[in-house]
Amino acid sequence: MEHSLAVAHTAEQGKDNLDAYGYTVHEDFLTAEEVTALRERLEEQAELERAEGVAMLSSSGHSDAGVYVGAPKPGERIGFQAVRFLPNKGRPFIDVLHKPITHDYAAHLFRGEAYNVASYAGILLGKGSSRQVLHADQQAIPLVLDRPVMFVAMICLSDFEADMGATLVAPGSHRFPAPVLRTDPDEQLRDIGSGLMPLTAKAGSALFWESRTWHCQGGSTSDKTRVSLGIHWAQHFIKPQDFYPAIVHDDVYETLTDADKELLGFKVVKEYAGAIAPRTPDDRRTNTNVRHPYVPELHKGGARHAVPLDVMGAVPSS
């Protein structure tokens, strides 16, 4: 099936593309200055994680069984590095979460339901990285649904060219059940009348696809490095890959606004999802809209005591 790349410059164009094809390429998502600042911060962090022996690396891609955490092996050509848990690694990574266009798409795809970040990583993809298995992000959920419960925003900090391992998508595949993993992808694509096409884009663009869309990372044969930020957004009831209420460092937590915290999953939704209780008597980490006292294991005559909300300086939600 012939298909031209579904490009958008406005939210309305992008929503139409997402409905029709399951993806859109939103151009000029970032300014040139934002691209430079984010790329410099990501590349510096990636370099130092390699130097300190804590990098997530592979010679042939993130779908490869050879992914490991450590320093590069002697003589190894790195095909893939992920810099995980980005909210801990620089304010620019938090600021980009507030881009209005992302939230326009979220409101459309999720039909107004609450949502938060499910995972957030920087990705550096180099020559030799292999093509990923064809999949849909939603197939981890053992239900067939008539709507997506997640979507991806892949923010391009370099150009995405076909031979750089640009993401491959199957237009229109969001209308079909997920592909069967590790079976002939070409046959399955023929069965639904689609095929894989690379999402080529200029630095500063953002690729959006919903969680039912069939896709995979392409293989890289280029000497250029593909650099991006991958943000998975999920409806509030989905268990996130990265649980930021437990992950965010204390010094980072102290800098977060309530709006930051809500995007990272600190808000209790519909009175049941995501409650946080204090870990220590002086724990400042809490939900944005509900607070709980510190209550340890208590025994008559014991040394441990609860700390009421007013002593903790917290005010119950109304």
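Residues numbered from 1 in each chain as written. Predicted model: local features only at pLDDT ≥ 70, side-chain atom pairs only at ≥ 80, totals over all residues. Heavy atoms only, no water.

### Comments concerning the pairing of strand S6 (residues 115-125)
And then number 1: Most of S6 sits out of view: eleven of its eleven residues are buried.
And then number 2: Judged from the five bridges that link them, strand S5 (residues 80-84) and S6 form a sheet pairing that is antiparallel. Residue pairing for S6: Phe80 is matched across the bridge by Leu125.
And then number 3: Direction of pairing for S6 relative to strand S12 (residues 226-235): antiparallel, over a ladder of ten bridges. Paired with Ile123 across the strands is Ser228, a residue of S12. (Buried < 20%, exposed > 50% of the residue type's maximum accessible area, 1.4 Å probe, protein only. Helix = DSSP H or I, 4+ residues; strand = E, 2+ residues; numbered from the N terminus. Pairing = 2+ DSSP bridges.)

### Considering the confidence of the model for the protein
And then number 1: For the protein, mean pLDDT is 93; residues scoring 70 or higher make up 96% of the total.
And then number 2: In the model, residues 314-318 has pLDDT below 50 throughout and makes six contacts with residues more than four positions away in sequence or in other chains. (pLDDT = per-residue confidence, 0-100. Contact = heavy atoms within 4.5 Å.)

### Some details on the packing of helix H1 (residues 11-21) against helix H4 (residues 100-109)
And then number 1: Running from N to C, H1 and H4 point in directions that differ by 40 degrees, and their axes come no closer than 10 Å. As judged from the angle between their axes, H1 and H4 are oblique. Considering only the axes of H1 and H4, their crossing is right-handed. For the pair H1 and H4, contact is made by Ala11, Gly14, Lys15, Leu18 and Asp19 and by Ile101, Asp104, Tyr105, His108 and Leu109, respectively.
And then number 2: Split into classes, the residues belonging to the contact of H1 with H4 amount to five nonpolar, two polar and three charged. (Axes fitted to C-alpha atoms, helices over the stretch in contact; angles between N-to-C directions. Parallel < 35°, antiparallel > 145°, perpendicular 65-115°, else oblique. Left-handed = near helix turned anticlockwise from the far one by under 90°. Nonpolar A, V, L, I, M, F, W, Y, C, P; charged D, E, K, R; others polar.)

### Quick word on a negative patch on the surface
And then number 1: Residues Asp184, Asp186, Glu187 and Asp191 make up a contiguous surface patch of negative charge.
And then number 2: Locating Asp191 in the fold gives a position in helix H5 (residues 185-191).
And then number 3: Residue class for Asp191 comes out exposed when judged on its relative accessible area of 62%. (Patch = residues over 30% accessible without salt bridge, like charges linked within 9 Å, V, L, I, M, F, W, Y side chains within 5 Å. Areas by Shrake-Rupley, 256 points an atom, 1.4 Å probe, with all protein chains shown as cover. Salt bridge = Lys/Arg side-chain N within 4 Å of Asp/Glu carboxyl O. Lys, Arg positive; Asp, Glu negative; His and termini not counted. Charge placed at Lys NZ, Arg CZ, Asp CG, Glu CD.)

### Digging into H4
Because the α-helix completes a turn every 3.6 residues, residues three or four places apart line up on one side.
And then number 1: When H4 is considered as a whole, its buried residues turn out to be Ile101, Thr102, His103, Tyr105, Ala106 and Leu109.
And then number 2: Of the residues one or two after H4, Arg111 is the one with positive phi, at around 55 degrees.

### Some words on the pattern of salt bridges
Pairing is possible between side chains that carry opposite charge, provided their charged atoms lie close to one another.
And then number 1: Under the counting rule described, the total for this entry stands at 19 salt bridges.
And then number 2: In this structure, Lys99 engages Glu34 in a salt bridge whose closest nitrogen and oxygen atoms are separated by 3.0 Å. On the criterion of sequence distance, the pair formed by Lys99 in the loop between helix H3 (91-95) and H4 and Glu34 in helix H2 (residues 32-51) is long-range, its members being 65 residues apart.
And then number 3: Residue Glu34 is classed as partly exposed on the basis of its relative accessible area of 28%.
And then number 4: Residue Glu43 pairs with Arg39 through a salt bridge whose shortest N-O separation is 2.9 Å. Within this pair, Glu43 and its partner Arg39 are both found in helix H2, separated by four residues, close to a single helical turn.
And then number 5: Under the relative-accessibility criterion, Glu43 is labelled partly exposed at 30%.

### Observations concerning the nonpolar core
And then number 1: Ranked by size, the top nonpolar core spans 43 residues in total, and within it Leu42, Val96, Tyr120, Ile155, Leu229 and Trp233 carry the most contacts.
And then number 2: Within the second largest apolar cluster, 18 residues are counted, among which are Leu125, Val169, Ala201 and Trp209. (Core = buried A, V, L, I, M, F, W, Y, C linked by side-chain atoms within 4.5 Å.)

### Quick notes on the pairing of S5
And then number 1: The buried fraction of S5 amounts to four of the five residues, a majority that puts the element mostly inside the structure.
And then number 2: Pairing geometry for strand S3 (residues 55-58) and S5, over three bridges, is antiparallel. Bridge pairing links Leu57 to Gln81 in S5.

### Description of H2
And then number 1: Over its 20 residues, H2 extends 28 Å from the first C-alpha to the last, a length consistent with the 28 Å expected when each residue adds 1.5 Å.
And then number 2: Along H2, the residues classified as buried are Val35, Leu38, Arg41, Leu42, Gln45, Ala46 and Glu49. End-on, the buried residues of H2 take up no more than an arc of 145 degrees, which puts them together on one face. Among the exposed residues of H2, those oriented more than 90 degrees off its buried face are Ala32, Glu33, Glu40 and Ala51.
And then number 3: The secondary structure elements touched by the buried residues of H2 are S3, strand S4 (68-70), S5, H3, S6 and S12.
And then number 4: Gly53, located one to two residues past H2, shows a positive phi value of around 75 degrees. (Expected span 1.5 Å × (residues − 1). Arc of directions from axis to C-beta.)

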